[in-house]
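Residue-level structural notes
Chain residues, written in single-letter form:
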Amino acid sequence: QKEVEQDPGPLSVPEGAIVSLNCTYSNSAFQYFMWYRQYSRKGPELLMYTYSSGNKEDGRFTAQVDKSSKYISLFIRDSQPSDSATYLCAMSGRQTGANNLFFGTGTRLTVIP
Amino acid sequence: DGGITQSPKYLFRKEGQNVTLSCEQNLNHDAMYWYRQDPGQGLRLIYYSQIVNDFQKGDIAEGYSVSREKKESFPLTVTSAQKNPTAFYLCASSGRQNYEQYFGPGTRLTVT
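This structure is a prediction, so every number in the text was calculated from the model and none was measured.

Looking now at the state of the cysteines. Working definition of a disulfide: a covalent bond connecting the sulfur atoms of two cysteines. One pass over the full model with this rule turns up two disulfides over all chains. Between the sulfur atoms of A:Cys23 and its disulfide partner A:Cys89 the distance amounts to 2.0 Å. Where A:Cys23 bonds to A:Cys89 through sulfur, the torsion about that S-S bond is close to -100°, and the disulfide is left-handed. Here the residue A:Cys23 occupies a position in strand β3 (residues 19–25), and A:Cys89 occupies one in strand β9 (residues 85–92), the gap between them amounting to 66 residues. Across this residue pair, the class does not change: A:Cys23 and A:Cys89 are buried. Between the sulfur atoms of B:Cys23 and its disulfide mate B:Cys91 the distance is 1.9 Å. Because the torsion about its S-S bond is -70°, the bridge between B:Cys23 and B:Cys91 counts as left-handed.

See the structure below:
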């Protein structure tokens, strides 16, 4: 079983839709959770960073962590064509070490104008 | 402008040749990382370094080598021993005891 599971998609939505991207994980030691956005042929860009459980909002983006279910989500409101990219979740914890970041395989999102 | 630079953006080599990929950061980060990204496989850690003159193997270090002579620089050499070198290579860095990593733009290596 992989440490982090992420549906690869692809996911296509119309402009203005609410997008929900998700990852599940198996290691209860994970405490730090990140979402990266990666445009085609570019490096990943850190989008959201959360610690432990709860929600964090930044503009149109909301990151949600449910440690009891080992489930994290990224919501994108009022999606735009410029949001079309691959979204990677990543996570780590004190026990797994700061240098060990566990990544999902990424979900490819297309927002159709 | 603080950030991570990788050069070149595209690199083509013949099989059997060693090639070195450059990574420089001016974020004053202590830790630097090299990842390989292949379609459908996500990011895999090749090597990482927490301080100058020290580095550790990641999950797929075979066929690769690194050096860390300066805090700002962490070059990766893809040797002829690497069986499938064609891939997208990403360099990243992070601050001391920080969990979030920041990535460079990547180098796409094609070996024929």
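Here we come to the sheet that holds strand β7 (residues 64–66) of chain B. What links the strands of a sheet is backbone hydrogen bonding, and the strands pair in either a parallel or an antiparallel sense. Residue and element names in this part refer to chain B. Pairing in this open sheet of four strands is antiparallel, and the strands run β1-β3-β8-β7 from one edge to the other. At either margin of the open sheet sits one strand with a lone partner, and together these are β1 (4–7) and β7. The sheet shows a mean angle of 20° between the axes of neighbouring strands, taken without regard to direction. As paired strands, β7 and strand β8 (residues 76–78) are joined by three bridges and run antiparallel to one another.

Take the interface of chain B and chain A next. Every contact between the two is made by 25 residues of chain B and, on the other side, 22 residues of chain A. Interface area for chain B against chain A, summed over the two sides, is near 1800 Å², with a carbon-plus-sulfur share of 58%. Among the residues chain B hides against chain A, the three largest losses belong to B:Tyr99, B:Glu100 and B:Phe103. Together they make up 36% of the total. The tally of links from chain B across to chain A stands at zero salt bridges. Run the count over chain B and chain A and you get three residue pairs in polar contact (both at pLDDT 80 or more). When residues of the side of chain B that touches chain A are assigned to their parent elements, the largest contribution, five residues, is made by strand β5 (residues 42–51) of chain B. Tallied by class, residues from the side of chain B that touches chain A come to 13 nonpolar, nine polar and three charged.

What counts and what doesn't
Residues numbered from 1 in each chain as written. Chains lettered and ligands numbered in written order. Predicted model: local features only at pLDDT ≥ 70, side-chain atom pairs only at ≥ 80, totals over all residues. Heavy atoms only, no water. Disulfide = S-S within 2.5 Å. Helix = DSSP H or I, 4+ residues; strand = E, 2+ residues; numbered from the N terminus. Buried < 20%, exposed > 50% of the residue type's maximum accessible area, 1.4 Å probe, protein only. Pairing = 2+ DSSP bridges. Axes fitted to C-alpha atoms, helices over the stretch in contact; angles between N-to-C directions. Contact = heavy atoms within 4.5 Å. Buried area = accessible area lost by both parts, 1.4 Å probe. Salt bridge = Lys/Arg side-chain N within 4 Å of Asp/Glu carboxyl O. Polar contact = N/O pair within 3.5 Å; in protein donor to acceptor, adjacent residues only side chain to side chain. Nonpolar A, V, L, I, M, F, W, Y, C, P; charged D, E, K, R; others polar.

It is worth stressing that arrangement in space is one thing and function is another; only the former is reported here.
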